[in-house]
Amino acid sequence: MKKTLALLLTITMLVMMLVGCNNTGTNTTPPDLGSVATDPGASAPVATGRTDVNIPLASIGNTLDPHDAGLLVDQYVINQIYEPLWYVEDDTSLTPRLALDYTVNEAGTEITVNLRDDVTFQNGEKFKASDVVYSYQRCLDNFYRVTDTVGLVSIEALDDTTVKFTLDGPNSVFLTNMNNIWIVSEKAVEEAGDQFGAIPTLAGTGPYILDTYDQNTKIVLKANPDYWRGEATIKTINFTPMADSSTQLLAFQNGEFDFCSIPSADWNNVVASGKFTTVQGPSKHVSYIGLNVGKQDNPLYDVRVRQAIHYCIDKESMCLVAADGFADVATHYVRTGYFEGAQEVGTDFSYNPEKAKELLAEAGYADGCDVGTISVINGGGGRYIKIAQLLQQNMQDVGIACKIEIGETGAILTDISENHTYDMFISGMTFNSSLADAYSSFGLFDNAEVLLKSNENIDAQWVDDMFNKARGEMDTEKRNAIYAEVEAYFHDQCCYLPVIHIQNLYAWDKNLNASAPLNNFEVYNWSWN
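Parameters and conventions
- Residues numbered from 1 in each chain as written.
- Predicted model: local features only at pLDDT ≥ 70, side-chain atom pairs only at ≥ 80, totals over all residues.
- Heavy atoms only, no water.
- Helix = DSSP H or I, 4+ residues; strand = E, 2+ residues; numbered from the N terminus.
- Buried < 20%, exposed > 50% of the residue type's maximum accessible area, 1.4 Å probe, protein only.
- Areas by Shrake-Rupley, 256 points an atom, 1.4 Å probe, with all protein chains shown as cover.
- Arc of directions from axis to C-beta.
- Contact = heavy atoms within 4.5 Å.
- Core = buried A, V, L, I, M, F, W, Y, C linked by side-chain atoms within 4.5 Å.
- Pairing = 2+ DSSP bridges.
- Axes fitted to C-alpha atoms, helices over the stretch in contact; angles between N-to-C directions.
- Phe/Tyr/Trp six-rings, centres within 6.5 Å; stacked < 30°, edge-to-face > 60°.
- Parallel < 35°, antiparallel > 145°, perpendicular 65-115°, else oblique.
- Left-handed = near helix turned anticlockwise from the far one by under 90°.
- Nonpolar A, V, L, I, M, F, W, Y, C, P; charged D, E, K, R; others polar.
- Salt bridge = Lys/Arg side-chain N within 4 Å of Asp/Glu carboxyl O.
- Lys, Arg positive; Asp, Glu negative; His and termini not counted.

K.L.:
How should the overall build of the protein be read in this particular structure?
P.N.:
When helices and strands are tallied, the protein shows 16 helices and 22 strands. Considering the protein as a whole, with its 529 residues, one finds that 60% of them fall into the buried category. Carbon and sulfur atoms form 45% of the exposed surface of the protein, whose accessible area is close to 19200 Å².

Right, dumping it as structure tokens:
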């Protein structure tokens, strides 16, 4: 079964595929695409002050292989080094990066992309169509990127600056999913071998080159002097992993960092100090609870137990405890109001501990049950640990026992994505582009193929068929109706339990001209006064 679902950890469709950027071939322009820019964006701002910037990372990363990265902290760094064919902006419009334009055949099964001819990789090699082919082929069977290539039958380099993607049918998500696939140098990756992603490698086309990589202590990027849009104003980026949010904040206040995500408990004090530029805004992030529905010997195999857990969660308290009130209750996985077509469908799982007890009794657990272990990633500024602690208490109040295990990020992700021995886990995910990207993310952590299919009470084949149907539906209203059906089904099956939508709380040095967009985090656009 194709992994057309993709659940929750590193990132995103309102955009329709049949949109052309030039006057050749057959193109149509659906109303939900927004604009397709022809300008890749302005060059770097003029330097007038410092040329370095110091930024903390919320946890230790896992890899800088752009096709294997599932963590946001890795993706923050990767986004400075590598580029996709297009970027999806906050308003879901497409901005070309390594692509110039494209055409689509009348059947909607072939996308021909014209590439820039003025780009070189950081190793000095010319950027060519063959590198695009190589990059996409690396993603076809890749756990973190397979959903971005759903429907791709073949990819062919017609010449050095032209690539043809052949699809299995009209595809409403493929073009926008290109945002999620960074292009790498075939030569550089092959030379690095198994060490690619673990050592500095000149495999990108982006504005920064990986200079020093110690994922535990320091990651240093240097400006690419030959970057095709012009050398960056900020010449050095120093990333420092620092999981403890209090230590991170103190270092920021002492001037060791220039830009920082502020813990919610400290936000009001940071704003009141008047020392920093502060930005508070919404996010496309959801903090959630993932449930392993594939263990027949665990009470979680029964949907009534999973629903009981959802009913027993006091999400209002979680907003206060985990985010000090700087969050909103998440009733659904995809946040309504931020993705066109996202809808409030399915059962209302508002806090109702008595309903939880009734469901447990129906499932044969009137005297309670033990659902095993909640695996928690030590990230999110301590937010996930707080959610786990309150969840444990909420479940205990209705008779469900569990223990909490705080683990190393890489080990937990491996268990979730490969071993499937976990019982429950708590993490989060941010979606970068649109509704279809969010829905295509369902298989990433609860792994539709392995887990849903292993539960005889979940119609995994129907889910897969519905996602494939939505992928080929080019009418926005009809496509969103299909997604609503799937969302209602998943929502009621409680394979994942959305908890809160955090707010973005950023602060930075007043002399730093920075930004905090919803989607792409690009230091290239920053400068100092």
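The structure having been displayed, the exposition proceeds.
K.L.:
Help me understand helix α8 (residues 315–323) in this model?
P.N.:
The periodicity of an α-helix, 3.6 residues per turn, causes residues three or four positions apart to be oriented the same way. Where α8 is concerned, the buried positions are Lys315, Met318, Cys319, Ala322 and Ala323. Down the axis, α8 shows its buried residues gathered within 105° of arc, on one side only. Turned more than 90 degrees off the buried face of α8, the exposed positions are Glu316 and Leu320. Buried residues in α8 make contact with α7 (303–312), β15 (327–329), α10 (383–397) and β19 (496–502). Aspartate 324, located one to two residues past α8, shows a positive phi value of around 55°.

K.L.:
How do you make sense of the nonpolar core when you look at a structure like this?
P.N.:
If you look at soluble globular proteins, the nonpolar side chains tend to sit buried side by side. Formed by 100 residues in total, the largest nonpolar core has its most connected members in Leu85, Val113, Val132, Tyr136, Phe165 and Trp526. If you tally residues by element for this core, the top one is helix α2 (residues 129–139), at six residues. When sequence neighbours within four positions are dropped, the list of residues in contact with valine 132 reads Leu85, Leu115, Phe127, Ile155, Val163, Phe165 and Ile183. Judged by nonpolar contacts, the second largest core, of 40 residues, contains Met318, Phe349, Cys369 and Ile385.

K.L.:
Looking at this structure, how should I read the sheet that holds strand β5 (residues 99–104)?
P.N.:
Reading across from one edge, β5-β6-β8-β7 is the order of the four strands in this open sheet, with antiparallel pairing throughout. Looking along the sheet, the strands with just one partner apiece sit at the ends: β5 and β7 (152–159). Pairs of neighbouring strands in the sheet enclose a mean axial angle of 20°, with direction left out of account. With respect to the sheet, α2 is in contact with β6 (110–115), β7 and β8 (162–167), its orientation differing from that of β7 by roughly 165°.

K.L.:
What should I look at first to understand the packing of aromatic side chains in this one?
P.N.:
This structure, assessed with the given rule, holds 17 aromatic pairs. Aromatic side chains phenylalanine 121 and phenylalanine 127 sit 6.0 Å apart centroid to centroid with 75° between the ring planes, which places their arrangement in the edge-to-face category. Phenylalanine 127 carries the same exposure label as phenylalanine 121, and that label is buried. Measuring from ring centre to ring centre gives 4.9 Å for phenylalanine 259 and tryptophan 526, while their planes differ by 35°; the resulting arrangement is tilted. Taken together, the residues phenylalanine 259 in strand β12 (residues 259–261) and tryptophan 526 in the loop between β21 (512–513) and β22 (527–528) connect sequence positions 267 residues apart.

K.L.:
Explain the sheet that holds β12 to me, please; I cannot follow it from the model alone.
P.N.:
Strands pair in a sheet through their backbones, by hydrogen bonds, and they do so in one of two ways: parallel or antiparallel. Spatially, the three strands line up as an open sheet ordered β12-β20-β13, and their pairing is antiparallel. Each of the sheet's edge strands pairs with one partner strand only, and the pair in question is β12 and β13 (276–281). In this sheet, adjacent strand axes meet at a mean angle of 15° when their direction is disregarded. Note: β12 against strand β20 (residues 504–509), three bridges, orientation antiparallel. Counterpart to serine 261 in the pairing with β20 is tyrosine 506.

K.L.:
Could you clarify how one ought to interpret the packing of α8 against α10 in this entry?
P.N.:
Angle between the axes and distance between the axes are the two parameters that describe a pair of packed helices. One can describe the packing of α8 onto α10 by two numbers: an axis separation of 9 Å at closest approach and a directional angle of 140°. Considered as vectors, α8 and α10 are oriented oblique to each other. For α8 against α10, the interelement crossing comes out right-handed. Contacts from Ser317, Met318, Val321 and Ala322 of α8 reach α10 at Arg383, Lys386, Ile387, Leu390, Leu391 and Asn394. Class assignment for the residues of the contact of α8 with α10 results in six nonpolar, two polar and two charged.

K.L.:
Could you clarify how one ought to interpret the pattern of salt bridges in this entry?
P.N.:
Oppositely charged side chains are able to pair whenever their charged atoms sit close together. Considering all chains together, one arrives at 13 salt bridges under this definition. Its salt-bridge partner being aspartate 302, residue arginine 304 comes within 2.8 Å of it at the nearest N-O pair. Owing to a relative accessible area of 30%, arginine 304 belongs among the partly exposed residues under this scheme. The structure contains a network of salt bridges with shared partners spanning Glu83, Arg97, Arg229 and Glu522.

K.L.:
Would you explain unusual backbone geometry in this entry?
P.N.:
With glycine set apart, most residues show a phi of negative sign, and most peptide bonds adopt trans. In this structure, aspartate 324 takes a positive phi of about 55° despite not being glycine. By secondary structure assignment, the location of aspartate 324 is in the loop between α8 and β15. On the basis of relative accessible area, aspartate 324 is assigned to the partly exposed category, the value being 32%. Phi is positive for cysteine 494, which is not a glycine, with a value near 55°. With respect to the secondary-structure elements, cysteine 494 resides in the loop between α16 (476–493) and β19. A relative accessible area of 0% places cysteine 494 in the buried class.

K.L.:
Even after reading the chapter, I still don't get the side chain of arginine 383, so can you show me in this structure?
P.N.:
Tracing the backbone through its elements, the reader meets arginine 383 in helix α10. An unpaired buried charge is present at arginine 383: no salt bridge exists, and aspartate 324, the closest side chain of opposite charge, is 9.3 Å distant. Among residues more than four places away in sequence, those in contact with arginine 383 are His285, Ser287, Ala322, Ile500 and Ile502.

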